[in-house]
Amino acid sequence: MSALHLTGIGHAFLGRTVLDRVTLSIGEGELVALVGPSGCGKSTLLHIAAGLVEPRQGHIIRSYTRHAVVFQEPRLLPWATARKNIGMAITANCSGRDRQAHIVAAAMAAALEEEDLDKYPVQLSGGMKQRTAIARALASEADFLFFDEPFTALDPALRRHMQDIVIRHVGGGKRAGLFITHDMAEAVRIAHRIVVLDRRGNGVLGERSVPLAPGERDDRMIFETVQHFMKKDPLFRHVEELDERRAG
Ligand SMILES: Nc1ncnc2c1ncn2[C@@H]1O[C@H](COP(=O)(O)OP(=O)(O)OP(=O)(O)O)[C@@H](O)[C@H]1O
Ligand SMILES: [Mg+2]
């Protein structure tokens, strides 16, 4: 059974179509990476899937209980400390001490220091803000997680660490998730399946399952799989075009 099922999703902003007939299904326990060129509608699709934007066409079936979203920008409440921002996601009726322990555990998992928890967003670096937003999602009781390019503000070592957290938290079987990224190595490292959105949001171009389970893939396998996708697989051609455009 699917945790999330989107059928025939269409959307337009100011009369301009950004998504058309997009159908996507994510199974229970499955982590799906969504890739596609900048501006093709990935964030819009995620916002529709999470119920934040009402689509013009199509319908959505959600079989999970609760979701959490890590947005492309951190979206922290500026008047609340990191601790309060993370704590906002905890809806369970637990004692003050349990609640604090839960916040600290999520913060540690997101590589924040305990002393950072009493800082306000303005006192945090860009990467720390993004890690606070990730900790907020980890602290929630969500069984479906949406991630919109969550690690772009992080250095490579931290990025890897956060990918491992996503693999353990979502890829372990109990939860499901949709993860948008521009980084093919990231997609191959963390996802069960990679879905490619058309460059103009005209449906899903195709998808590829990634061999082995997330967490079982070593660096060599990840490198070779990315090379294969980018050099030999026509599905990823326009993703490569995008990279060339960026490099130039
Ligand atoms: N609120 C809005 N009002 C008008 N146009 C919008 C709005 N949000 C997004 N768009 C437009 O919809 C298109 C898709 O935007 P979206 O943010 O979904 O792209 P994306 O694939 O997530 O891009 P990126 O990889 O750069 O994050 C873009 O052309 C964008 O300008
Ligand atoms: Mg986006």
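Heads up: these notes are all about the structure in this document.

About the thresholds
- Residues numbered from 1 in each chain as written.
- Chains lettered and ligands numbered in written order.
- Predicted model: local features only at pLDDT ≥ 70, side-chain atom pairs only at ≥ 80, totals over all residues.
- Heavy atoms only, no water.
- Buried < 20%, exposed > 50% of the residue type's maximum accessible area, 1.4 Å probe, protein only.
- Helix = DSSP H or I, 4+ residues; strand = E, 2+ residues; numbered from the N terminus.
- Donors = N, O, S within 2.8 Å, 3.2 Å for Na, K, Ca; no water.
- Salt bridge = Lys/Arg side-chain N within 4 Å of Asp/Glu carboxyl O.
- Polar contact = N/O pair within 3.5 Å; in protein donor to acceptor, adjacent residues only side chain to side chain.
- Contact = heavy atoms within 4.5 Å.
- Near = heavy atom within 4 Å.
- Areas by Shrake-Rupley, 256 points an atom, 1.4 Å probe, with all protein chains shown as cover.

Think of an α-helix as 3.6 residues a turn; residues three or four steps apart then line up on the same face. Most of helix H1 (residues 42-49) is tucked away, with eight of its eight residues classed as buried. Inspection of H1 places Lys42, Ser43, Thr44, Leu45, Leu46, His47, Ile48 and Ala49 among the buried residues, and these make up the whole buried set. Following H1 by one or two positions, Gly51 adopts a phi angle in the positive range, close to 80°.

The backbone phi angle of Leu14 is positive, close to 50°, even though this residue is not glycine. Position of Leu14 relative to the elements: it lies in the loop between strand E1 (2-13) and strand E2 (16-27). The backbone of Glu149 shows a phi angle near 40°, a positive value even though the residue is not glycine. Relative to the elements of secondary structure, Glu149 occurs in the loop between strand E6 (144-148) and helix H5 (156-169).

Let us now look at the coordination of the magnesium ion (ligand 2). In the first shell of the magnesium ion (ligand 2), the protein supplies Ser43 (OG) and Gln72 (OE1), at 2.0 to 2.4 Å from the metal. Of this pair, Ser43 sits in helix H1 while Gln72 sits in the loop between strand E5 (67-70) and helix H2 (82-87), and the two are 29 residues apart along the sequence.

This part covers the pattern of salt bridges. Taken as a whole and assessed by the stated rule, the structure comprises 13 salt bridges. For Arg189, the salt bridge identified is with Asp164, shortest N-O distance 2.9 Å. Within this pair, whereas Arg189 is found in helix H6 (residues 184-190), its partner Asp164 is found in helix H5, the two being separated by 25 residues in sequence. Salt bridges linked by common partners bring Glu30, Arg193 and Glu207 together as one network.

Residue classification places Ser43 among the buried residues on the basis of a relative accessible area of 19%. A distance of 3.0 Å separates polar atoms of two side chains, one belonging to Ser43 and the other to Gln72. For Ser43, the residues in contact, after removing those within four places along its chain, are Gln72, Asp148 and Ile180.

All right, on to the site of ligand 1 then. In the vicinity of ligand 1 there are 14 residues, among which Arg16, Ser38, Gly39, Lys42 and Thr44 approach most closely. Between Arg16 and ligand 1, the recorded distance is 2.5 Å, taken from a side-chain N or O atom to an oxygen atom. At a separation of 3.4 Å, an oxygen atom of ligand 1 approaches a polar side-chain atom of Glu149. Contact with the protein chains removes 63% of the 630 Å² of surface that ligand 1 exposes when unbound. Elements represented by at least two residues in the shell around ligand 1 include exactly E2 and H1. A total of three residues in the shell around ligand 1 trace back to one element, the largest contributor, which is H1.

Function cannot be read off these values alone, since they describe shape.
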